[in-house]
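# Structural overview
Residues per chain are reported as follows:
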Amino acid sequence: MIISRVQPCEQMFHSADTQTLYLLEFVALKLTNFLFMSIYLSILTEHGYDSQDTDESGYQSKEQRTSAPPKLTVFLQPSKTQLYSSVIYRGETVTVRCEIQGGEGAQWTYEWSRGQSNIRSASTEYTISRVTESDAGEYSCRGRRGSSWTKWSDVITLTVLPPPKPTVTLQPSWTQIYSGETVTVRCEIQGGEGAQWTYEWSPAKLNTPPTSNEYTIISATESDSGVYSCRGRRSFSWTEWSNIITLNVKPPPKPTVTLQPSWTQIYRGETVTVRCEIHGGEGVQWTYEWRRNEWRQGWVKLHETSSEYTISRATWSDRGGYSCRGRRGSSWTDWSDIITMTILSPPKPTVTLQPSWTQINIGETVTVRCVIQGGERARWTYEWRGGQKNIHETSSEYRISRLTESDGGEYSCRATRSSSWTEWSVSTTLRVTVHIKPTVTLQPPWPQIYSGETVTVRCEIQGGEGAQWTYEWRPVKLNTPPTSNEYRIITVTKSDSGGYSCRGKRSFSWTKWSDTLTVLSKPKAELRADRTAVPVGGSVTLTCSVNPSSSSSSSSGWKYYWYRYDRYYKLLTLRDAVFLSNGQISVSEGGYYRCRGGRGEHVYYTEDSESVRIDTTVSNRPVVTLYPNWSEIYRGETITVRCEIHGGDTEWDYEWETNSIRKPPNQNEYRIRSASSSNSGNYRCKGRMKSSQHNTTEWSDSVTLTVSDNKPRPVLTVSPSWLSPGASVTLNCEVEHQSAGWSFYWYKAVPDLKTYNYKSSSYELLPDGNGTAQDSYIIHGQTHTAGYVCRAGRGDPEYHTDHSQPKFVWSADVHSAASLTVSPDRVQHFTSDSVSLTCEGNFTEWRVRKFSEDGRLYSDCRRMTGSTCNINTSKSDTGVYWCESGSGEFISAVNITVQNDGNGPILVSPVHPVTEGASVSLSCSLKTQKILSNVFFYHNDKLIQNDTRGELKISAVSKSDEGFYKCQSSGRESAQSWMSVKGEQDQNI
């Protein structure tokens, strides 16, 4: 079966040669078939087959085949259904043809099938004039001749698709084409490959020839610009028109040359990039050509084909005019306009000051500026050096808002743009001066001006010449006009007397005020004494002067007059004083003194000086004492500071001098009832006779009073700390400054049974322990573990220290009524050992207590099971342990020591006291080795055994064997442990 499109008439006829060839092939085929059929029928007849014996399908039944020889039957098998093209576009005409090879010349009737439906057609062809999607499907056929049918042919699939939409493309694919370039407009139909298409173009000028899918424009012009679209046809069916594509044809662009950075003046050593930019040609692969117009040589081609030409370190040879052009395909742009690059030597900056004064005052504002002539438009980064500081400024100006002396010095700068630095500028000196202090002068320069005279007050600023100063005067009445440095008084009156001073301002900065020049109508004398009291057998020197100074006064012709008060002020003569010089005398008598000056033929007197009091020192000597006389007083104590003057029955008024915060009253005693650190200091005193106030003692020697704000706490020691039953215990209470009148109080420490802490409220005073003068206390017949506390007191009212920390006397004796057992039974243990402490006795409630190495008391065992405390040992478990009943009874203390060195040995020694006469064995053990040899044993740090024996055996223990023991093995020592020895009588108690 063959499907074929209906072809146009002109395509259905072939040439005469082609028809002759087809005819010969047909005749040969017929002859071959006839010969084959004759041979086939002859064979059938020979074997007894007859075509009459077959059924309609040409086959014999089983009975016929077995009962009689079959007859020969000829049947034809159609080859297959054929389709010339299995893809047809909607609207086209298609023919489905059924061909039976070898059945030519016979009269065949055909039956067609599409899918599940049959199509009756007697023709060998089935034609569909305008195909739609409903015509798609699987087609097959069979033929009948006479009453016999062929088999159904194999199916062939017909696919019907919508006509494809063409696409117009440009080659090359640039949307912008320049005049003179070649471009091809191409019509592409996706999925239509292999078909004979006829194309139609818009605009119509492209439709020559009509069968071409390409239109090539050899040398494009602007008239070729426009929109292009196409469509295709095969058979009688047209596709849709394609989407339009726009072709823009313009004259080639003219490149532009730019510099990066965009400076036309480049300094030698800088890096610059010359860039060729083609506007509108972005996205295109351009090839570039560069040239440089060199002086005297004309244009020189540069070996660069990219859009950028980089000069890493510019030299003189790089100067000149630069131009470029671009090429894509075979088309060149015009040459760009020339950009000229000038290469210069880097400029040298200049440093200037603003304002440009050579001297700038402290506090003024100045701007140091770096100026680069000819480089104004460039973006410079600046580096500064100068002054006495590190300058981190990178701009062209360095502004100092308030000058200090450290800002003075030499300033220079340099600058960089890109990668090249200028030279350093020549240094400019900034001189910073301390505020200029003006001077006020009088003209004429007389120190004394009289009424009616003319005087000019002038403000002079040394070193400020050339600056525009504005002046300010005191008194304010001189400030008219404000810019004048002179004030002229035509006729002086008394109201013009007073002090004159001035200051100047330039910019925003003022000078200091000048010293005051005082114009006095009448000066006043000044009297000074070299001491305030005449020492025993000595004298006091008095000096009189008229301001501004005695030296200038003497040169001004002053003569001095001296006076002493005795009911009135009397003029002193040579009998009353020793006249040392003009303006200085020596006196040996106490009293009130004055002086004044006079000058001129008709003597002009100054005002009298102020009176000066001179005392006479008597021989009595004051002494400061403290009561009580302790070297250190504690906060809250009572102390009396007393001034004592011995000799005669004279009545005195007292004066005190101290550097403490609190000042004593002018009395002979200063009682401090509750001292504090504010009373600490040096105290001295003197006395003045009530009957003659000019007679006074010298100052006493200073006495230092030290008051501590820290309340003292005594330190209690017990000896021995481990004892045998019935032994005496000595308590010692030590206070800082032990000899300072302390009394001592002795207590037994009883724990609070609710919290198991020791509180002062639960301390019990020991017998005869209330205020002993001795700092020790002996307890006789001590039999069990106990804690003790002390404190001290002194003074009236009595001042008490804090209580000492509790100290314990440990008894390791095992009572018959109660005891503490340790397992394993030794004093020393390794870390991570399991140790149990068990309280045994007649009490129902037990606690295991601990007193640690650092002196802290622990109220409970961490893991208490019944009356047993279980410990997994660590270094912090070292301490003294004892059993304590619910009623507070102490029982049987033991020492536990944990060896923190994992490689160190321990001493294996008994926990409880050893009875006199009994034997005991001490050994040395490692965690990894229980029995050691070559062990050193020490008793109270004295080597007592050094041999191969691994243990120390004492066959009959005596009291002298009591003490501290330790062992040493392989250079490592154990801790030391106390071994107690008790007498046989103790054993029987």
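As recorded in an unreviewed UniProt entry, the protein goes by Ig-like domain-containing protein and comes from Oreochromis aureus.

Here the focus is the nonpolar core. In this structure, Val-274, Trp-290, Tyr-322, Met-341, Trp-384, Tyr-411 and Leu-430 are the most contacted members of the largest nonpolar core, which totals 43 residues. By size, the runner-up hydrophobic cluster in this structure holds 41 residues, among which are Leu-626, Leu-716, Leu-731 and Trp-742.

Once that is clear, we can look at the confidence of the model for the protein. Per-residue pLDDT for the protein has a mean of 79; in total, 81% of the residues score no lower than 70. Confidence drops under a pLDDT of 50 for residues 38–84, and excluding neighbours within four residues, the segment shows 87 contacts in the predicted structure.

Now for the environment of Tyr-569. Mapped onto the elements, Tyr-569 comes out in strand 47 (residues 569–571). Judged by relative accessible area, Tyr-569 falls into the partly exposed class, the value being 25%. As a C-alpha pair, Tyr-569 and Arg-594 span 25 residues in sequence and 8.1 Å in three-dimensional space. In this view, Tyr-569 contacts Tyr-563, Arg-564, Tyr-592, Tyr-593, Arg-594 and Ser-611; residues no more than four positions away in its chain are not counted.

Now for the sheet that holds strand 82 (residues 920–925). Reading across the sheet, the three strands line up as 80-82-85 and stay open at both edges, with antiparallel pairing between neighbours. Of all strands in the sheet, those with a lone pairing partner are strand 80 (906–908) and strand 85 (951–954), marking the two edges. On average, each strand axis in the sheet is inclined to that of its neighbour by 15 degrees, with strand direction left out of account.

This next bit is on the pattern of salt bridges. Summed over the entire model, instances satisfying the criterion amount to 34 salt bridges. Residues Arg-972 and Asp-901 are paired through a salt bridge, measuring 2.7 Å at the closest nitrogen-oxygen approach. Here Asp-901 lies in the loop between strand 79 (890–899) and strand 80 and Arg-972 lies in strand 87 (residues 972–973), a separation of 71 residues in the sequence. Each member of the salt-bridge network shares a partner with another, and the members are Arg-613, Asp-615, Glu-655 and Arg-688.

Turning our attention to the pairing of strand 23 (residues 298–302). With five bridges joining them, strand 22 (residues 287–294) and strand 23 adopt antiparallel strand pairing. The residue of strand 23 that forms the bridge with Glu-294 is Gly-298. Hairpin connection between strand 22 and strand 23: a loop of three residues separates the two successive antiparallel strands, and Arg-296 in this loop has a positive phi of roughly 80 degrees.

A full pass over the atoms with the stated rule returns 17 aromatic pairs. Taking the centre distance of 4.9 Å and the plane angle of 75 degrees together, the rings of Phe-964 and Trp-978 count as edge-to-face. A residue pair is termed long-range when its members are at least 10 positions apart, and Phe-964 in strand 86 (residues 963–969) and Trp-978 in strand 88 (residues 977–979) qualify at 14 residues. Judged by relative accessible area, Trp-978 falls into the partly exposed class, the value being 23%. By the ring-pair criterion, three or more aromatic residues cluster together here, those being Trp-290, Tyr-309 and Tyr-322. Between Arg-142 and the ring centre of Trp-149, over which it is positioned, the NZ or CZ distance is 4.3 Å. Between the NZ or CZ atom of Arg-385 and the centre of the ring of Trp-424, over which it lies, the distance is 3.8 Å.

Thresholds, definitions, all that
Residues numbered from 1 in each chain as written. Predicted model: local features only at pLDDT ≥ 70, side-chain atom pairs only at ≥ 80, totals over all residues. Heavy atoms only, no water. Core = buried A, V, L, I, M, F, W, Y, C linked by side-chain atoms within 4.5 Å. Buried < 20%, exposed > 50% of the residue type's maximum accessible area, 1.4 Å probe, protein only. pLDDT = per-residue confidence, 0-100. Contact = heavy atoms within 4.5 Å. Helix = DSSP H or I, 4+ residues; strand = E, 2+ residues; numbered from the N terminus. Pairing = 2+ DSSP bridges. Axes fitted to C-alpha atoms, helices over the stretch in contact; angles between N-to-C directions. Salt bridge = Lys/Arg side-chain N within 4 Å of Asp/Glu carboxyl O. Phe/Tyr/Trp six-rings, centres within 6.5 Å; stacked < 30°, edge-to-face > 60°. Lys NZ or Arg CZ within 6 Å of the ring centre and 35° of its normal.

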